[in-house]
Amino acid sequence: MVQPRFVRPTQSSPSSDAGEPNSSNLYVANCGPAVGLSHDAIAAVFADFGEVKGVYAADESGVRVIVSFADPYSAKAALEALSGRPCPDLKGRTLHIRYSVLQLASETQVNDCVPVSLVDSELNIPGLFLIPEFVSVEEEQQLLAAVDARPWIGLAKRRVQHYGYEFCYGTRNVDTKKRLGELPSFVSPILERISLFPNHDIDPSSLDLDQLTVNEYPSGVGLSPHIDTHSAFEDCIFSLSLAGPCIMEFRRYSVSTWKASTADAEKLGDSSCIKKALYLPPRSMLLLSGEARYAWNHYIPHHKIDKVKDKVIRRSPRRVSFTIRKVRNHPCRCKYPQYCDSQQQR
């Protein structure tokens, strides 16, 4: 079953944050599975205001949901009663609520077919590098066995593990005061092999990698467009693909997206952003550095089937990625202030 997709209403949309509601859907922030609130528990609270048709994950964070009512007046009543106030039945969390509208199927397919490249040089994005067969088949199986022997953390659509420092999805950052320990020994061969990358402009200090997030993506599950928070991590973002392939899309917006979502950026008139895509085969290592790391959103479409050079490739039952980074302990001073939270907050 395909999950419905929702977007924020534009100013010309029939629903807005004021006046008569024509949307029966609410975007609710600060609640969800990542903070211990199940969709059933959320539905039970909102059902006090009318029939709830469903509760859906708004994105990959696990802390934002869509509550869909049977009628718009129930949605309005819930918004007016709950928004901006602590909710005792949802662990006292203060909910931030706005209207949301259903995105039509035809709208979700616009610009969905970006030509896919097989080699990094075709994208012409400075700082982006891809090395196929970074690990062997045997090493891939050993890495998968190592993480499968350890506990997973369940998010809305995928599972994760954190090492070194925990990544906080609600803030898109890390707490540098809460170190989890050294990186596990099973990634030591990967760290030793990092020197194979051809980028000689990298600051050696950014290669002292100390944070690892392992993601498990079931078939059809992707990743929302985002730039890794500048203040959280240094220049180099390494991503090792295991168990299955995927398409990674890269988007460059002319407006800032460090605070707003990319959907908001497109609503501001930037829907003609530059889009490029790269095929990531199993066992390949991707490096995002410089412009690729600081200025381009990266995104994995939520597909079960990908089209690559006129070939249809079905995604495997699971894909596991190892994202390895260096936690930043000082403000970011990159050359891309329009995308930089450190420089925007000055």
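Residues numbered from 1 in each chain as written. Predicted model: local features only at pLDDT ≥ 70, side-chain atom pairs only at ≥ 80, totals over all residues. Heavy atoms only, no water.

## Some details on the overall build of the chain
So, point 1. Looking only at helices and strands, one finds eight helices and 23 strands in the chain.
So, point 2. Sorting the 346 residues of the chain into buried and exposed places 52% on the buried side.
So, point 3. The contacts of the chain with a sequence gap of at least 6 include a subset with a gap of at least 24, amounting to 78%.
So, point 4. Carbon and sulfur atoms provide 51% of the accessible area of the chain, an area that totals close to 16,700 Å². (Helix = DSSP H or I, 4+ residues; strand = E, 2+ residues; numbered from the N terminus. Buried < 20%, exposed > 50% of the residue type's maximum accessible area, 1.4 Å probe, protein only. Contact = heavy atoms within 4.5 Å. Areas by Shrake-Rupley, 256 points an atom, 1.4 Å probe, with all protein chains shown as cover.)

## Brief notes about the packing of aromatic side chains
So, point 1. This model, assessed by the stated rule, comprises six aromatic pairs.
So, point 2. Seen from their ring centres, Phe167 and Tyr169 are 5.1 Å apart, and the 80° between their planes marks the pair as edge-to-face.
So, point 3. For Tyr169, a relative accessible area of 15% corresponds to the buried category.
So, point 4. Pairing Phe167 with Phe233 gives two aromatic rings, centres 6.1 Å apart and planes at 25°, and the pair type is stacked. Of this pair, Phe167 sits in strand E12 (residues 165–168) while Phe233 is found in strand E16 (residues 233–242), placing the two residues 66 residues apart along the sequence.
So, point 5. By relative accessible area, which is 0% here, Phe233 ends up buried.
So, point 6. If you follow Arg98 out to its NZ or CZ, it ends over the ring of Tyr27, 4.0 Å from the centre.
So, point 7. Over the aromatic face of Phe167 sits the side chain of Arg325, whose NZ or CZ is 5.3 Å from the ring centroid. (Phe/Tyr/Trp six-rings, centres within 6.5 Å; stacked < 30°, edge-to-face > 60°. Lys NZ or Arg CZ within 6 Å of the ring centre and 35° of its normal.)

## Re the confidence of the model for the chain
Any residue range with low pLDDT should be treated as having predicted coordinates unsuitable for detailed reading.
So, point 1. The share of residues in the chain with pLDDT of 70 or more is 82%, and the mean pLDDT across the chain is 84.
So, point 2. When pLDDT is averaged over each helix and strand of the chain, the minimum, 40, is found for helix H3 (residues 105–108) and the maximum, 97, for helix H4 (residues 137–148).
So, point 3. Predicted confidence for residues 104–111 stays below pLDDT 50, and this span has four contacts to residues more than four positions away or in other chains.
So, point 4. Confidence drops under pLDDT 50 across residues 264–270; counting only partners more than four residues distant or on other chains, this segment forms 15 contacts. (pLDDT = per-residue confidence, 0-100.)

## Remarks on empty space enclosed by the protein
So, point 1. For the structure shown, the criterion picks out one cavity of 30 Å³ or more.
So, point 2. Taken together, Tyr217, Pro218, Ser219, Val221, Pro245, Cys246, Ile300, Arg315, Ser316 and Arg319 make up the lining of the largest cavity.
So, point 3. Here the residues of the lining of the largest cavity sort into six nonpolar, two polar and two charged. (1 Å grid on protein atoms, 1.4 Å probe; cavity = no way out; pocket = protein on both sides within 12 Å on 5 of 7 lines; lining within 4 Å. Points joined across faces, edges and corners; volume = space filled by probe spheres on them. Nonpolar A, V, L, I, M, F, W, Y, C, P; charged D, E, K, R; others polar.)

## Focus: helix H2 (residues 72–82)
So, point 1. Listed in full, the buried residues belonging to H2 are Ser74, Ala75, Ala78, Leu79 and Leu82. In a view along the axis of H2, the buried residues occupy a sector of 135°, so they form one face of it.
So, point 2. Here the buried face of H2 lies against strand E2 (25–29), helix H1 (39–46), strand E4 (64–69) and strand E7 (96–102).
So, point 3. Near the N-terminus of H2, the side chain that reaches the backbone nitrogen of Tyr73, with its oxygen 3.1 Å away, is that of Asp71.
So, point 4. In the stretch just after H2, Gly84 is the one whose phi turns positive, near 80°. (Arc of directions from axis to C-beta. Polar contact = N/O pair within 3.5 Å; in protein donor to acceptor, adjacent residues only side chain to side chain.)

## With respect to the pairing of E16
So, point 1. Within E16, ten of the ten residues are buried, which leaves it mostly tucked inside the rest of the structure.
So, point 2. Judged from the seven bridges that link them, E16 and strand E23 (residues 318–327) form a sheet pairing that is antiparallel. Paired with Phe238 across the two strands is Ile324, which belongs to E23.
So, point 3. Pairing between E16 and strand E19 (residues 285–288): four bridges, direction antiparallel. Counted as the bridge partner of Leu240 is Met285 from E19. (Pairing = 2+ DSSP bridges.)

## Examining the pattern of salt bridges
So, point 1. This structure, assessed with the given rule, holds 15 salt bridges.
So, point 2. Among the salt bridges present, the one from Arg283 reaches Glu140, with a minimum N-O distance of 3.1 Å. Separated by 143 residues along the polypeptide, Arg283 in the loop between strand E18 (274–280) and E19 and Glu140 in helix H4 bring together distant segments of the chain. The pair Arg283 / Glu140 is uniform in exposure class, with both members buried.
So, point 3. Here Asp208 ties to Lys326 by a salt bridge, and the two come within 3.8 Å at their closest N and O atoms. A residue pair is termed long-range when its members are at least 10 positions apart, and Asp208 in the loop between helix H5 (188–193) and strand E14 (211–218) and Lys326 in strand E23 qualify at 118 residues. (Salt bridge = Lys/Arg side-chain N within 4 Å of Asp/Glu carboxyl O.)

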